[in-house]
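One-letter residues, chain by chain:
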Number of protein chains: 2
Amino acid sequence: MGKCTPESLLEGRNIKITRQRQIVLGAIIDTGKPFSASDLHESLGNEMDLATIYRNLEMLCGEGIIRQVMNEKERQYYELACIHNPEHPHFYCNICGKIYCMKQDKPMRLKKRLPGDFTVEQTVLQYRGICPDCSKE
Amino acid sequence: MGKCTPESLLEGRNIKITRQRQIVLGAIIDTGKPFSASDLHESLGNEMDLATIYRNLEMLCGEGIIRQVMNEKERQYYELACIHNPEHPHFYCNICGKIYCMKQDKPMRLKKRLPGDFTVEQTVLQYRGICPDCSKE
DNA sequence: GGTCTAAATGCAAGTTGTTCGCAATTAAAG
DNA sequence: CTTTAATTGCGAACAACTTGCATTTAGACC
Ligand SMILES: [Mn+2]
Ligand SMILES: [Mn+2]
Ligand SMILES: [Zn+2]
Ligand SMILES: [Zn+2]
């Protein structure tokens, strides 16, 4: 919620500040949009090991610094947790696959939430939680 | 929208009615719930080739007989198109991973859409369509 | 600054869900 | 009954991750 530098996001957490963590977090902060592991990998010139990127993404999720963005099949997307509230809608482009964060979670006209020129073709709504079968342990 | 037998779903479509298609469609009709390729494979005793199942699922999607159900990572789920309207919410159990179809797409209290004993922990909303970058070809 | 150690990294190999190439089989048209 | 294009089964290939392990390194302690 604070300044958003790699160091500020990691401080006070008992996590080693390695060179690759600074680079990965720097890239995440720079993009500002939902990203995948391979987006990161490419944006860093394909130099860092993918396993290192995956391990750091997992760690950052565990710390609540980033969160997973729901995406049908394909690859997993993530977003920086401090820039949006936990449950907001996303716009997914059926052509280029880019994912856009949308404002507002409360009932409101779609047009007001999406700047013009977005054409909505499908809406996906999914609730996640615990089903009756699993409630009775 | 009609009776829902393997033959009725395939008729008038210029598609060969093979033994495995009848078996696959039969199983899909029987389950009535969202299913994955491996759900089908197992429910058929692991006898049919998985590639055949995948190829038929792809064909059935193309024909609009089944449709993909959004699911975060893991495997792809599908549902029979004729039993629900195209855009309805789903409930995903965080423990067993089962996916439940929910009634209603219109604003309405969650409690009325989910029979009791479902605990909602997260809500995912995703719009899919064409973004501004892709609108200008 | 130098030493030490647990944690992190890079590399290679493994896993999982899905797709593809190809020869053998089969639905269904004639 | 023929014929043939579509479909199937099988194995190999793929893509996105994940894991094991030897090497490196951050940073705690001197
Ligand atoms: Mn977002
Ligand atoms: Mn459904
Ligand atoms: Zn686009
Ligand atoms: Zn459950």
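From a predicted model like this one, the values you see are computed outputs, not experimental measurements.

Asks: Looking at this structure, how should I read the sheet that holds strand S4 (residues 90-93) of chain B?
Replies: The strand order across the open sheet formed by six strands is S5(A)-S4(A)-S6(B)-S6(A)-S4(B)-S5(B), and the pairing between neighbours is mixed. Two strands in the sheet have a free side with no partner beyond their single neighbour: strand S5 (99-101) of chain A together with strand S5 (99-101) of chain B. Neighbour-to-neighbour, the strand axes of the sheet open up by a mean angle of 25°, direction not taken into account. Alignment of strand S4 (residues 90-93) of chain A against S5 of chain A, held across three bridges, turns out to be antiparallel. Residue pairing in the sheet places His 90 of chain A in a bridge with Cys 101 of chain A of S5 of chain A.

Asks: Hey, could you run me through the protein's contact with DNA strand D in this one?
Replies: For DNA strand D, the set of nearby residues contains 17 residues, the closest of which are Ile 17, Tyr 54 and Arg 75 of chain A together with Thr 18 and Gln 20 of chain B. At a separation of 2.7 Å, a phosphate oxygen of DNA strand D approaches a polar backbone atom of Ile 17 of chain A. Thr 52 of chain B places a polar side-chain atom, nitrogen or oxygen, 2.7 Å from a phosphate oxygen of DNA strand D. Looking at the surface near DNA strand D, the elements with two or more residues in it are helix H4 (50-62) of chain A together with helix H2 (19-31) and helix H4 (50-62) of chain B. Broken down by element, the surface near DNA strand D gets its largest block of residues, four residues, from H4 of chain B.

Asks: Help me understand the protein's contact with DNA strand C in this model?
Replies: Inspection of the region around DNA strand C gives 17 residues, with Gln 20 and Thr 52 of chain A together with Ile 17, Tyr 54 and Arg 75 of chain B positioned closest. Each atom of DNA strand C within 4 Å of the protein belongs either to a base or to sugar and phosphate, the latter forming 69%. Contacts to DNA strand C include Thr 52 of chain A, whose side-chain N or O atom sits 2.7 Å from a phosphate oxygen.

Asks: Whenever I open this one, the relation of the copies chain A and chain B confuses me. Can you help?
Replies: Here the second copy of the chain follows from the first by a rotation about an axis and a shift along it. For the pair chain A and chain B, the relating rotation is 179°, the translation along its axis is 0.0 Å, and the fit reaches an RMSD of 0.2 Å. Both copies are brought into coincidence by an operation consistent with a two-fold rotation axis. Taking C-alpha positions as reference, the residue of chain A nearest the rotation axis is Leu 125 of chain A, located at 2.3 Å. Looking at chain A, 100% of its interface residues are interface residues in chain B too, so the copies touch through the same face.

Asks: I tried to follow the packing of aromatic side chains on my own but got confused; where do I start?
Replies: Two descriptors summarise a pair of aromatic rings, namely the distance from one centre to the other and the angle between the planes of the rings. In this structure the tally under the stated criterion is eight aromatic pairs over all chains. Ring-pair connections join several aromatic residues into one group, and the members of that group are Phe 91, Tyr 100 and Phe 118 of chain A. The residue whose ring lies beneath Arg 128 of chain A is Tyr 92 of chain B, and the NZ or CZ to ring-centre distance is 3.7 Å.

Asks: Is there a simple way to think about the domain arrangement of chain A in this case?
Replies: Interfaces are often sized by the amount of accessible area the parts lose when they come together. Residue and element names in this part refer to chain A. Each assigned domain of chain A is listed here: domain 1 (1-85) and domain 2 (86-137). On a C-alpha basis, the centres of domain 1 and domain 2 stand 22 Å from each other. Of the residues lining the interface, 10 residues belong to domain 1; the matching set on domain 2 comes to 11 residues. Linking domain 1 with domain 2 are zero salt bridges, by the criterion used here. In this assembly, domain 1 and domain 2 are joined by four residue pairs in polar contact (both at pLDDT 80 or more). Listed by contribution, the elements that provide at least two residues to the side of domain 1 that touches domain 2 are strand S2 (66-69) and strand S3 (77-80).

Asks: Even after reading the chapter, I still don't get the coordination of the manganese ion (ligand 1), so can you show me in this structure?
Replies: In an ideal octahedron of six donors the angles at the metal are 90 or 180 degrees, and in an ideal tetrahedron of four donors they are 109.5 degrees. Residue and element names in this part refer to chain A. Surrounding the manganese ion (ligand 1) are the protein donor atoms Glu 79 (OE), His 88 (NE2), His 90 (NE2) and Cys 101 (SG), at 1.9 to 2.4 Å. Along the chain, the residues donating to the manganese ion (ligand 1) are arranged with the sequence spacing E-x8-H-x1-H-x10-C. The exposure classification of Glu 79 matches that of His 88, with both residues buried.

Asks: Please explain the pairing of S3 of chain A as it appears in this structure.
Replies: Each regular strand shows side chains that alternate between the opposite faces of the sheet. Residues and elements named next belong to chain A. On S3, burial covers both faces: Tyr 77 and Glu 79 on one face and Tyr 78 and Leu 80 on the other are all buried. Judged from the two bridges that link them, strand S1 (residues 35-36) and S3 form a sheet pairing that is antiparallel. In the strand pairing of S3, Phe 35 is matched with Tyr 78. Taken together, the four bridges between S2 and S3 define a ladder with antiparallel strand orientation. Across the sheet, residue Arg 67 finds its bridge partner in S3, namely Glu 79.

Asks: Would you mind showing me how to read the pairing of S4 of chain A here?
Replies: Neither face of S4 of chain A is open: one carries His 90 and Tyr 92 of chain A, the other Phe 91 and Cys 93 of chain A, and all of them are buried. Relative to strand S6 (residues 119-130) of chain B, S4 of chain A runs parallel, the two being bridged by four bridges. Each residue of the ladder has a partner; that of Cys 93 of chain A, found in S6 of chain B, is Gly 129 of chain B.

What counts, and where the lines are drawn
- Residues numbered from 1 in each chain as written.
- Chains lettered and ligands numbered in written order.
- Predicted model: local features only at pLDDT ≥ 70, side-chain atom pairs only at ≥ 80, totals over all residues.
- Heavy atoms only, no water.
- Pairing = 2+ DSSP bridges.
- Helix = DSSP H or I, 4+ residues; strand = E, 2+ residues; numbered from the N terminus.
- Axes fitted to C-alpha atoms, helices over the stretch in contact; angles between N-to-C directions.
- Near = heavy atom within 4 Å.
- Polar contact = N/O pair within 3.5 Å; in protein donor to acceptor, adjacent residues only side chain to side chain.
- Least-squares fit on C-alpha atoms with pLDDT ≥ 70 in both.
- Contact = heavy atoms within 4.5 Å.
- Phe/Tyr/Trp six-rings, centres within 6.5 Å; stacked < 30°, edge-to-face > 60°.
- Lys NZ or Arg CZ within 6 Å of the ring centre and 35° of its normal.
- Domains from an automatic or database assignment.
- Salt bridge = Lys/Arg side-chain N within 4 Å of Asp/Glu carboxyl O.
- Donors = N, O, S within 2.8 Å, 3.2 Å for Na, K, Ca; no water.
- Buried < 20%, exposed > 50% of the residue type's maximum accessible area, 1.4 Å probe, protein only.

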